[in-house]
Every structure is written in C-alpha cells, then in structure tokens.
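Residue-level structure breakdown
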Amino acid sequence: AQFSHLYHFSKVFYLCVHAISGNTDGAVARESTERNCSLTPPYLPSTAVNTSLQLEELRVQMRAMNISAYIIPATDAHLSEYIAPRDARLAFMTGFTGSAGTAVVTLNKAALWTDSRYWVQAERQMDCNWELEKDVSISSVAEWLISEVPKGDEIGFDPFLFSLSESHVSSPPVSLRTWQEKVEHIRTQMGDNPYKPTGLLLSALDETACNHVHLLYCLKLPLVRCFLCLFLGLFNMRGNDIPYNPFFYSYTLLTMDEIWLFLHVERVTEELKVYLNASCEGALCVQLKGYDTILDHLKNYVTRPGVKVWIGTEYTNYALYEVITPQDKLLTSSYSPVLTTKAVKDETEQQILRDAHVRDAIVVIQFLMWLEKTVPEGNATELTAAEYVDKCRRWKDSRGPSFATISASGPNAALAHYSPTKETNRRLTVDEMYLVDSGGQYLDGTTDITRTVHWGKPTEMQKEAFTRVLMGNIEISRTIFPSGTRGVNMEMLGRRALWEVGLNYGHGTGHGVGNYFGVHDFSVQNVKILKNRLILLIEPGYYKENDFGIRIEDVAVVVPVQTKYGNNYLTFDTVSLVPYDRKLIDMSLLSSEQLHWLNKYYETIRSLVGAELDNQGLHEEKDWMLRNTEPFAEIGSSASVSSSSLTLIALAVAMLHNIV
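Residues numbered from 1 in each chain as written. Predicted model: local features only at pLDDT ≥ 70, side-chain atom pairs only at ≥ 80, totals over all residues. Heavy atoms only, no water.

As for the overall build of the chain
Per the secondary structure count, the chain includes 19 helices and 23 strands. In the chain, buried positions account for 56% of the 660 residues. Surface accessibility of the chain: about 27500 Å² in total, with carbon and sulfur atoms responsible for 53%. (Helix = DSSP H or I, 4+ residues; strand = E, 2+ residues; numbered from the N terminus. Buried < 20%, exposed > 50% of the residue type's maximum accessible area, 1.4 Å probe, protein only. Areas by Shrake-Rupley, 256 points an atom, 1.4 Å probe, with all protein chains shown as cover.)

Considering the sheet that holds strand β23 (residues 569-574)
The sheet built from four strands is open, its strands ordered β18-β23-β22-β19 with antiparallel pairing. The open sheet has two free edges, formed respectively by β18 (481-482) and β19 (535-538), since each of these has just one partner strand. Both strand β22 (residues 554-561) and β23 contribute to a ladder of six bridges, which runs antiparallel. Paired with V558 across the two strands is F572, which belongs to β23. Each of β19, β22 and β23 touches helix α14 (residues 460-478); the most contacted strand, β23, lies at about 135° to it. (Pairing = 2+ DSSP bridges. Contact = heavy atoms within 4.5 Å. Axes fitted to C-alpha atoms, helices over the stretch in contact; angles between N-to-C directions.)

Examining the layout of surface pockets
What the second largest pocket holds in volume is close to 430 Å³. In terms of residue count, helix α4 (residues 119-125) provides more of the lining of the second largest pocket than any other element does, five residues in total. (1 Å grid on protein atoms, 1.4 Å probe; cavity = no way out; pocket = protein on both sides within 12 Å on 5 of 7 lines; lining within 4 Å. Points joined across faces, edges and corners; volume = space filled by probe spheres on them.)

Structural notes on empty space enclosed by the protein
In this approach, a probe sized like a water molecule rolls over the atoms, and the result shows the empty space that is left. When its volume is computed, the second largest cavity comes out at roughly 30 Å³. Elements represented by at least two residues in the lining of the second largest cavity include exactly β14 (433-438) and β17 (449-454). In terms of residue count, β17 provides more of the lining of the second largest cavity than any other element does, three residues in total. Taken together, the residues of the lining of the second largest cavity sort by class into three nonpolar, two polar and one charged. (Nonpolar A, V, L, I, M, F, W, Y, C, P; charged D, E, K, R; others polar.)

With respect to the sheet that holds β17
Strand pairing in a sheet relies on backbone hydrogen bonds, with the paired strands running either antiparallel or parallel. The strand order across the open sheet built from three strands is β13-β14-β17, with neighbouring strands paired in antiparallel fashion. Bordering the open sheet on either side are β13 (406-409) and β17, each of which pairs with just one other strand. Strand-to-strand, the axes of this sheet are offset by a mean angle of 10°, without reference to chain direction. With four bridges connecting them, β13 and β14 associate as antiparallel partners. Counterpart to I406 in the pairing with β14 is D437.

Quick word on the pairing of strand β2 (residues 69-73)
Looking along a regular strand, one sees side chains alternate from face to face of the sheet. Within β2, five of the five residues are buried, which leaves the element mostly enclosed by the surrounding structure. Going residue by residue along β2, you find A69, I71 and P73 tucked away on one face and Y70 and I72 tucked away on the opposite face as well. Sheet analysis places β2 next to strand β6 (residues 154-157), joined by two bridges and oriented parallel. Across the sheet, the residue bridging to Y70 is G156, located in β6.

Overview of the nonpolar core
Counting residues in hydrophobic clusters, the biggest one holds 67 residues, and the most contacted among them are F367, L371, Y434, Y580 and L598. A total of twelve residues in this core trace back to one element, the largest contributor, which is helix α12 (residues 347-374). In this view, F367 contacts A385, Y388, V389, Y434 and V436; residues no more than four positions away in its chain are not counted. Within the second largest apolar cluster, 48 residues are counted, among which are I71, F157, I311 and L353. (Core = buried A, V, L, I, M, F, W, Y, C linked by side-chain atoms within 4.5 Å.)

Here's the deal with the packing of aromatic side chains
Considering all chains together, one arrives at 20 aromatic pairs under this definition. Centroid distance W113 to W144: 5.4 Å. Interplanar angle 90°. Geometry classified as edge-to-face. You can see W113 sitting in strand β4 (residues 110-113) and its partner W144 sitting in helix α5 (residues 138-148), a full 31 residues away along the chain. On the accessibility criterion, W144 (8% relative accessible area) is buried. Note on W597 and Y601: the rings are 5.2 Å apart at their centroids and 20° apart in plane angle, and the pair reads as stacked. Within this pair, W597 and its partner Y601 are both found in helix α17 (residues 592-616), separated by four residues, close to a single helical turn. For Y601, a relative accessible area of 4% puts it in the buried group. Ring pairs connect the aromatic residues Y580, W597, Y601, Y602 and F632, which therefore count as one cluster. If you follow R495 out to its NZ or CZ, it ends over the ring of Y505, 3.9 Å from the centre. (Phe/Tyr/Trp six-rings, centres within 6.5 Å; stacked < 30°, edge-to-face > 60°. Lys NZ or Arg CZ within 6 Å of the ring centre and 35° of its normal.)

Some words on helix α18 (residues 619-628)
Of all the positions in α18, only E621, W624, M625 and N628 are classed as buried. The buried side chains of α18 occupy one side of the element, clustering within an arc of 100° when seen end-on. Every exposed residue of α18 that faces more than 90 degrees away from the buried side is listed here: H619 and R627. (Arc of directions from axis to C-beta.)

In short, geometric facts, not functional conclusions.
Structure below.
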C-alpha cells in the first residue's frame, strides 16, 4: 500500500463513497470449505490466508502517520479491471482474490465489501481478521466509516487508485483508419466541443492501445507490439503488462498540435519509434516521455495561459485530476471521446470477430469431445480441464486466454466466478453438472463462451433450470427492439422464465467484449443504449448454493433488422457457435418461436463451423457437431405430430373402419 495523500475525514469521505462505484480432490475433500469465526478457536479452511502480519505492518505505518483508517481498492492507477500481480494490493492485504471489492482497515478492525458473486469465495479465502460486508451500496461503506472513525480523524488513501465522477467534481483492408486519422478525428471532436478544450488526457489503458492497421509491420515489433484491435484505441500498440489483456502501462496527453505518450521508454524499440513518427508532420509526431513524468508534465502544461484539459472522470485517477487547477482549466465528461467512439465496430471488425469465433468454436468442440471421453474414465479434474481448453486454444494460434478459465463442477459451479486451485480442485464425474467459462485472445478477436453440461442423468430440477436459462438467452437473442433501447431493459427478458418459477441469478446479463482487447469492453457499457454494430455478451444463469451452477454465455453483434412497418429496428446476431447440451433441454418448456430460433442457430453452426471443420480435415469433430446440432421437432412442422395431424389420422382410421 502507498500512503500518497492524507485527507481530513470530511474531505475524503465524499471521494471514498463514490470510488466503490461431493467428490473432491485435495484438502477440501476432508474439511468444511468456509471459515467459522464464531467458534473458539475460529475454524479456518486450508484456503484461508493468514493476514495478521500484513495488517500489523500497515497499522504501524498508520499510527506513524496519524491515520485512523486506510482504504484499499481492487484496481491500479489506470482503474483497470484486470491488474498485474504488482498491483494486487487488495489480495495481498485480505487474501481475497476476486476481481471486485474494497477494503477498509482501521486501527482495530478490517472490513471487505464485495458483491454476491464473491461472498462464498471471500468466506473461503479470508481469515477472521476480516469482516465481510454484504451490502455493497455506497451508503454502506460510508456508514461503516462514520461509525468507526472519530470525527476529525484522518483517512488515508492512494489518489492514483481512485477515479472521479461528475457528481463530486465540479493484412488489413485499406478502408481502416490509421492512428494518425484517428488523432485528427479526436481533435475534430475537441474543436467542436463548445467549451474548447486545448488538451485531452487519456488514462485508461485501452484508450491508447491499438487498431487493426499496419498488422504486418507491427508483428515485427518485439516489446511494445502492434496487433489487431478496436477502431478507436488511439495508437496501434500492444503490450503484456496486464494478465489476459494486451495492454501496456501508459498515459496520453493530446493537444491540437502536440502528442505526448507516457510509457516505459526503455522498452520502446527503434522500430517502434520510427513507426510512431513515420510520415508525421509536427502535430502528428508522437513525443515519448517517461511513465513516471506524467504528473510533472501535466502540471507544467496547465500553467500555460488559455489551456483547458478534457478528462473522462470514470478512468482518470484523483492524483491527475488534482493537479489540473484552477477549475476553469478543467473540462469533464464521464468518458473520454476515445472510449465512447470505439464502442461501435465497423463491418470489417465485425467480420474478423466472426472469423475468430468460428475457429474458437472448434476449440470448444474439441474440448467437449475430450471431456466426454475422459470424464467417464475418472481422469479429469477441474484443473486438468482448464489446462486442456487453454492448450486447445494455443493450438489455434491464440495469444493466450482472455481471462482465467472458470472450470467448475458440482457445488463449485454455484460460485459464479470460481476458478479452481489445488485446494479446491474437484474430480469431474458423470453424476454432476459441469460449467466451463473460457475465452481466448486472437489477433482478430477476443472470445468468451460458457457452456454447462452433464455426462450422466440430470435431475428434473437441473433440466428445468437449464432450460429456463436457455429460454432467457434465446429471448434476448431473438428480440427486435428500436435503436436507442437501454441495455438494462433487456435484463427482464433474460430472467423472465426463471422468475416464473421463483428462480433468479445475482449477476448482470451481459457486457461488452473487444476485438483482441479486454474481455470486458467497458466502452460498450458506457454507451448504455443499444445501437447498431455494438458487440456484447448475453449470459443468463442460475446457481443453487452447494449443489450446481448453470450459465449459458454467447457473444452477439447488434445488427439492423427489417420489420413490416417500422425503420431503425435492431436485433442480435449470435456469433458464438457451439451447441448446447441436448440432454439438459426440456423441450416441453420451449415455445414454438424459441424452438425455431434454436434450429436456425444450429443451421448457422452447421454452415459456418462445418465448412471450417472440412477445411481443417477434422472429420471426427464434424461428426460430433452434426450429432449435436440435429434439428429439434418444431410445433406444427412436418417433423412433429400436431393436434390437427392427430385429428386427420383419427378421421382416416374411422373412414377405413367404415369401409371395412
């Protein structure tokens, strides 16, 4: 932890409240998996981390600096979702490794706030030094601080780790744009802004990252590399500073006539320097500066007369905001124009993403086939399964997984974001459901897909729950809606079939996804309304605690659709192309419209994935795919016996009887 700033409680309070905007292998087979702090002595599972030393050392520093409380978020200086191990402050202090949470340490207490996805995980990983707070509302943290910190006492926090919000601060195709063209596009937006900003400060790592362009050239760059990506990352560069995300630590300050890129200059090759300044003229020449010089450079820039710096408050940390003074030199919006513009993908970006998903579908098919062979033999565990699917993607030229694979069997699958460890690893059996949520980073796209399967005989409850989750996925996927519909309005469609029988799930129903980018592309969520050419995920689920978990997750593109009367209507086109487990589907629950959608989806899989399987000479995989995409009998179709058909048959039998 870093004690960069001290603030009087009345000042920091406002900031901090807005910043949080069985068959088993290993020791768990013989012990309870969750802590019990009510016992004497407390019971701790082997997965719990002893944090006494960390807390004592932190409190020594707090006393020396006269701090009564210290706030620890789960992010880095760029407010990233995925962070490098060097930035894992929350995990180091608490033992909790979930991706979302905020901790507060006082001189005699310590508390962690996280959402329902991680409650069981936190109980498994934290020792009894920590309280788990399950109310994750802003007011909950504020009320806890008010009750624990005497009025007038100091609270410490690292201002580089907290964002702002407006509420509390007043061979790629030639049609793709080069980064120089994108800079001009952003400068045009700056010029059109009525407040006339002179500079734009970019802090989010995906703002400075990349584009499709210059692929063949960029592949030659060894350290800070260039690859395929999204349309409006400002530069065409990639790195590996963040696990699962091809980003590098950087800031950018863009003015109307200068560009400063702040990064670890010692990692920049001569080829990259040439690339950034090739054919540039003055305002398009990139000046490279040391990563740690951003504060001093920004301070110097704002001393110039007549300047105004535009920042997106959601991804600008407090330390940078603080030096932009006086206030008339600051222009704020929730998100920078780079983030809001890159959410929408062009036709080429859509197509290459589709291509990546065809290849990724083959990976998942090969993985599911492997499981069908190895699980009955008793040779597969959660860990070996996760390792195998990652290995399958490497065979298909993946640059690596897009996140830590969620490989969860039986009760572990009831934890929405569980990832196996040596301590929690379970052997896969034909008697339990298995959930696998995995994805890959390819040069032309980022994938994320979840399938839930059962190799034996599922219970009626499991079949019904799975089918109702599938119904929610289909209802969202097939719905037609006007452009501009808010994404949150789709939530009810994903949950309605579950709600009808009193079931629900505790996470969101979808998120954005990038093209060789972050698996959670927050630029899509930031748009908030659904428009043509957005790429997002649809992922309803159901989780029965200590029993099983179900999730079905597919990537979809928002596309225009023709309607009988109206214009400017949209729907979803699913680009994940892996069939669902047939034995888990209760056909009697599906409507005729849902059955029709499912059969059309399977036709698409047969067409697109089948052609690629033929291309690669994968005959066994194609046979598996064809068996698992056999069309279902639709109500009223020739393949089914409808009530009218039964009437005609009965009439024919009666007539024959009379003739005889």
